[in-house]
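Here is what each chain is made of, one letter per residue.
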Amino acid sequence: MGRLTTHVLDTAHGKPAADLTITLYQVREGQQLEKICQTVTNQDGRTAEPLLQGPQFKAGTFELVFEVAPYFLRIGAKVSEPPFFDRISIRFSIADAASHYHVPLLVSPWSYSTYRGS
């Protein structure tokens, strides 16, 4: 059975990004976003449960939104005012509902990267 997971690493401080809010949307026809779930990362920068699994996990286009500015402000990181990144959105598609899709975020106040992990 397929599932969707994520984790967030704070590359500026060399640690997992704990207590960072993540929202998952499904992109519907006409580019409308339907909220699927919202969660917060744990001390390891991961979510307690997969973001999608079971019957909800199906082919389609999705968007993860990571609330990075509140995280960096809370830990006292030096950021611009307003912060360079407030939210980071990653739009991706699931083609195979039987596979594990892992979409991590590596982030600093000034840059980010992502990839399809395992």
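As a starting point, this report considers the structure included with it.

What counts, and where the lines are drawn
- Residues numbered from 1 in each chain as written.
- Predicted model: local features only at pLDDT ≥ 70, side-chain atom pairs only at ≥ 80, totals over all residues.
- Heavy atoms only, no water.
- Helix = DSSP H or I, 4+ residues; strand = E, 2+ residues; numbered from the N terminus.
- Buried < 20%, exposed > 50% of the residue type's maximum accessible area, 1.4 Å probe, protein only.
- Areas by Shrake-Rupley, 256 points an atom, 1.4 Å probe, with all protein chains shown as cover.
- Lys, Arg positive; Asp, Glu negative; His and termini not counted.
- Charge placed at Lys NZ, Arg CZ, Asp CG, Glu CD.
- Salt bridge = Lys/Arg side-chain N within 4 Å of Asp/Glu carboxyl O.
- Polar contact = N/O pair within 3.5 Å; in protein donor to acceptor, adjacent residues only side chain to side chain.
- Contact = heavy atoms within 4.5 Å.
- Pairing = 2+ DSSP bridges.

Looking now at the overall build of the chain. Counting its secondary structure elements, the chain contains one helix and eleven strands. Counting all 118 residues of the chain, 42% fall into the buried class. Counting every atom, the chain has about 6400 Å² of accessible surface; 50% of that belongs to carbon and sulfur. With 11 positive and 11 negative side-chain charges, the chain shows a separation of 2 Å between the mean positions of the two kinds.

Relative to the elements of secondary structure, aspartate 10 occurs in strand E2 (residues 8–10). For the buried residue aspartate 10, which engages in no salt bridge, the nearest side chain bearing the opposite charge is lysine 15, 5.3 Å off. At 2.7 Å, the side chain of aspartate 10 forms a polar contact with the side chain of tyrosine 71. When neighbours within four sequence positions are excluded, aspartate 10 is seen to be in contact with Lys15, Pro16, Ala17, Tyr71, Phe72, Ile75 and Val107.

Quick look at the side chain of glutamine 26 now. Structurally, the position occupied by glutamine 26 is in strand E4 (residues 21–27). In this structure the side chain of glutamine 26 is engaged in a polar contact, spanning 3.2 Å, whose partner is the side chain of arginine 28. With residues near it in sequence (within four places) discarded, glutamine 26 still touches Gln32, Leu33, Glu34, Ile36, Lys58, Ala59, Thr61 and Phe62.

Attention now goes to the sheet that holds strand E3 (residues 15–16). Backbone-to-backbone hydrogen bonds pair the strands of a sheet. The strands run either parallel or antiparallel. An order of E3-E2-E10-E11 is seen for the four strands of this open sheet, with the pairing classed as mixed. Two strands bound the open sheet, and with one partner strand each, they are E3 and strand E11 (112–114). Here E2 pairs with E3 via two bridges, running antiparallel. Paired with leucine 9 across the two strands is proline 16, which belongs to E3.

Interpretation in functional terms is not warranted from these geometric data alone.
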